[in-house]
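So you can see what is in the structure, the chains are spelled out below.
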Amino acid sequence: MIQTLFYTTENNNLYIYDHQFRLSILVHPKFKKVVEKTADIDPYYLRKYDYLKDHGFFSKSKLIDFGVIDESIINNNISQTPQIVFETTDFCNLNCSYCSLGDFYDGFDVRNQKNINTDYAITLLKYIFYHKHKGKNNRLVVSFHGGEPLFNGNFIKKIVEVVNQLKVEKEMEIVYSMTTNATLIHKYIHFLVENKFQLLISLDGNEMNHSYRFFKNSKINSFEKVINNIDMIQSEYSEYFASHVNFNAVLHDRNSVKDIYDFIYLRYNKIPRIAELAPNDVSLDKEDLFKSMYHNKRKSEAEYLKEESNHLPHEELLLYTELTNFLKYFSINYFISNITDLLSMEKRYLPTNTCLPFWKKIMLTTNNKLTLCEKVSSSKFFIGDVQETVKIDMEKIIQRYNSYYGFVREKCESCHVNKFCNVCLFLMDKNNLDKLDKNEFICEGFHNQKAFEHKLYRVFSFLEKYPNDSYSIIENVVIS
């Protein structure tokens, strides 16, 4: 059972944290002696302890009321889904060594150089638009992924044409987005600019940093082609470039956080996203290669921070993100944006942070399957399919989710981060997921008391160093 705990910071300041009230309190070291019932107890701190205990501290937290899902939840999500993703094609002209769709991993379906069915995609669009509420405040993101989506550029143009027709009746805002390797972007740039596409370009840094991204047939590094196209956009469409183009880099053994920032930020004045190599579903014969290529982002970032000339914005630090999530979900500030929860401490949660169907997005694959997102393979779980009609397998969805919830409920109840979990069940390693109903199952995000104390140490050490962060996060993130 989770109870009020003590933790210290880098400055040796002592705090208590109560899970039930989401409250941290700075305390004197003598206060801990009261709880530990050691000698030389100060009567003042004894009275303080008795007061806190009378008000619910230092008692076992109530078990979280974990709920289940039903058909009404899914139907509500359909009407409010914020994003549709199309797997435009499963073909790519690059053969990136670490690609989650390549032979490095076992999790995804076999690539068949197949394009998405345009008619079926339009069927899905009409289905979503039919269920959408009319209103100018409504917003829908239409995204294109691959493979390399621009190998099926005619499909993208057709979908934009259809969406622009459908949106008139619903009066909603439409945002187009695309993730691309940028090798073909020169062929479509006018169309992309005209329709204000948000572009996420894959770029790992300088030429050496980018060398895992090579052309499939020639094995030539794609860097020169990519940079020429990016430079062209920046030169000829400067306003669009400034507002609509961003970068995504993968961290590995041929680059670092420093390399990525020093190249992308200095050359394009852009803050890149940086992702670690995905650790799940690595092929058995690739495990040694994976270990040699994998680099930890937190460690790489810490090394870069030692340099006074680093270009890391304070708000992009991992510790800043961790502090933001803590203040938003694990502190008493949670009740600022969830004030109704003050009326009842019995808020109902769903186990883990596994997205519900249509909650954040829905994806249509080239195999006509509906999946939760581009990260979840249809071989692990799909929620329906699209052909002449959209078929949502409600019974299968409800049974699968609630079955998984039943298996993980007990583990979630004893996890110290169960009020803000970052685990998606469908992104777990397949071998681990297969053990879900067995004792060998290991939750990859589980925090026992020791792990949570270490998290509190990191968060509050950072907060003590940058106390003003608390005010800006509460004002700009929690309240807004």
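Everything below is about the structure shown above.
Throughout what follows, the structure given in this document is the object of discussion. The model shown is predicted, which means the values in this text are computed figures rather than measured ones.

The next thing to look at is the sheet that holds strand S2 (residues 14-18). Pairing is antiparallel in the open sheet, where three strands are placed in the order S1-S2-S3. Only two strands of the sheet have a single partner each, and these edge strands are strand S1 (5-8) and strand S3 (23-27). This sheet shows a mean twist of 30 degrees between the axes of neighbouring strands, independent of strand direction. Relative to S3, S2 runs antiparallel, the two being bridged by five bridges. Looking at the pairing, Ile-16 lines up with Ile-25 of S3.

It is worth spelling out the sheet that holds strand S9 (residues 245-250) at this point. Strand order in the open sheet made by the ten strands is S10-S9-S8-S7-S6-S5-S12-S13-S14-S15, with mixed pairing throughout. Looking at the sheet topology across the chains shown, the edges are occupied by strand S10 (273-275) and strand S15 (390-392). Averaged over all neighbouring strand pairs, the angle between strand axes comes to 20 degrees, with direction disregarded. Contacting strand S5 (83-87), strand S6 (139-145) and strand S7 (173-180), helix H5 (residues 153-170) crosses the sheet at an angle of about 165 degrees to S7. Of the strands in this sheet, S9 and S10 touch helix H9 (residues 257-268), which is tilted by about 165 degrees from S9.

Here we come to the packing of aromatic side chains. The tally for this structure, following the rule as stated, stands at 40 aromatic pairs. Here the aromatic rings of Phe-104 and Phe-290 are separated by 6.2 Å at their centres, their planes lie at 50 degrees, and the arrangement is tilted. Placement of Phe-104 in the loop between S5 and helix H4 (118-131) and of Phe-290 in helix H10 (residues 287-293) is noted, with a sequence separation of 186 residues between them. Taken together through their ring pairs, the aromatic side chains of Tyr-7, Tyr-15, Tyr-17, Phe-326, Tyr-329, Phe-330, Phe-420, Phe-452 and Phe-460 make up a single cluster.

Taken together, the side chains of Asp-103, Asp-106, Asp-285, Glu-287 and Asp-288 define an acidic patch exposed on the protein surface. Note that Asp-103 resides in the loop between S5 and H4.

Further remarks concern helix H7 (residues 223-236). The periodicity of an α-helix, 3.6 residues per turn, causes residues three or four places apart in sequence to face the same way. The end-to-end C-alpha separation of H7 is 20 Å, in line with the 20 Å expected for 14 residues at 1.5 Å each. Among the residues of H7, Phe-223, Val-226, Ile-227, Asn-229, Ile-230, Met-232 and Ile-233 are the ones counted as buried. The elements touched by buried residues of H7 are helix H6 (189-194), strand S8 (198-202), helix H8 (238-244), S9 and H9.

What follows covers the nonpolar core. If you look at the biggest cluster of nonpolar residues, it comprises 116 residues, and the most contacted ones within it are Phe-86, Phe-144, Ile-159, Phe-197 and Leu-203. In this structure, Phe-86 is in contact with Ile-116, Ala-121, Leu-124, Leu-125, Val-142, Ser-143, Phe-144, His-145, Phe-155, Ile-159 and Leu-364, ignoring residues within four places of it in sequence. With twelve residues, the next largest nonpolar core counts Leu-94, Tyr-212, Val-282 and Met-293 among its residues.

Scanning all chains against the criterion turns up 13 salt bridges. Across the pair Arg-139 and Glu-173 runs a salt bridge whose closest N-O atoms are separated by 3.8 Å. You can see Arg-139 sitting in strand S6 and its partner Glu-173 sitting in strand S7, a full 34 residues away along the chain. Look at Glu-173 and you get partly exposed, because its relative accessible area is 41%. The salt bridge partner of Arg-458 is Glu-322, with a shortest N-O separation of 2.4 Å.

A few words now on unusual backbone geometry. For residues other than glycine, phi is negative in most cases, and the peptide bonds are mostly trans. Residue Gly-147 is bonded to the preceding Gly-146 through a cis peptide linkage, with omega at 20 degrees. Within the fold, Gly-147 resides in the loop between S6 and H5. At Arg-22, a residue that is not glycine, the phi angle is positive and equals roughly 55 degrees. In this fold, Arg-22 is placed in the loop between S2 and S3. Arg-22 gets classed as buried once you look at its relative accessible area, which sits at 3%. Even without being a glycine, Lys-196 presents a positive backbone phi close to 55 degrees.

Another point: the environment of Val-477. Mapped onto the secondary structure, Val-477 falls in helix H17 (residues 468-478). Considering only alpha carbons, one finds Val-477 and Ser-337, 140 residues apart in sequence, at a separation of 9.5 Å.

Okay, the packing of helix H12 (residues 318-330) against helix H16 (residues 449-465) next. Where H12 meets H16, the axes come as close as 9 Å, and the angle between the chain directions of the two elements is 105 degrees. Judged by the inter-axis angle, H12 sits roughly perpendicular to H16. Each of Leu-319, Tyr-320, Glu-322, Leu-323, Phe-326 and Phe-330 in H12 lies in contact with H16, whose residues at this interface are Phe-452, Lys-455, Leu-456, Arg-458, Val-459, Phe-460, Phe-462 and Leu-463. A class-by-class count of the residues in the contact of H12 with H16 yields eleven nonpolar, no polar and three charged.

So, about the pairing of S6. Most of S6 sits inside the fold, with six of its seven residues counted as buried. Note: S5 against S6, five bridges, orientation parallel. Paired with Glu-87 across the strands is His-145, a residue of S6. Looking at chain direction, S6 and S7 are connected through six bridges and run parallel. Considered in S7, the bridge of Phe-144 is made with Met-178.

What counts and what doesn't
Residues numbered from 1 in each chain as written. Predicted model: local features only at pLDDT ≥ 70, side-chain atom pairs only at ≥ 80, totals over all residues. Heavy atoms only, no water. Pairing = 2+ DSSP bridges. Helix = DSSP H or I, 4+ residues; strand = E, 2+ residues; numbered from the N terminus. Axes fitted to C-alpha atoms, helices over the stretch in contact; angles between N-to-C directions. Contact = heavy atoms within 4.5 Å. Phe/Tyr/Trp six-rings, centres within 6.5 Å; stacked < 30°, edge-to-face > 60°. Patch = residues over 30% accessible without salt bridge, like charges linked within 9 Å, V, L, I, M, F, W, Y side chains within 5 Å. Areas by Shrake-Rupley, 256 points an atom, 1.4 Å probe, with all protein chains shown as cover. Salt bridge = Lys/Arg side-chain N within 4 Å of Asp/Glu carboxyl O. Lys, Arg positive; Asp, Glu negative; His and termini not counted. Charge placed at Lys NZ, Arg CZ, Asp CG, Glu CD. Expected span 1.5 Å × (residues − 1). Buried < 20%, exposed > 50% of the residue type's maximum accessible area, 1.4 Å probe, protein only. Core = buried A, V, L, I, M, F, W, Y, C linked by side-chain atoms within 4.5 Å. Parallel < 35°, antiparallel > 145°, perpendicular 65-115°, else oblique. Nonpolar A, V, L, I, M, F, W, Y, C, P; charged D, E, K, R; others polar.

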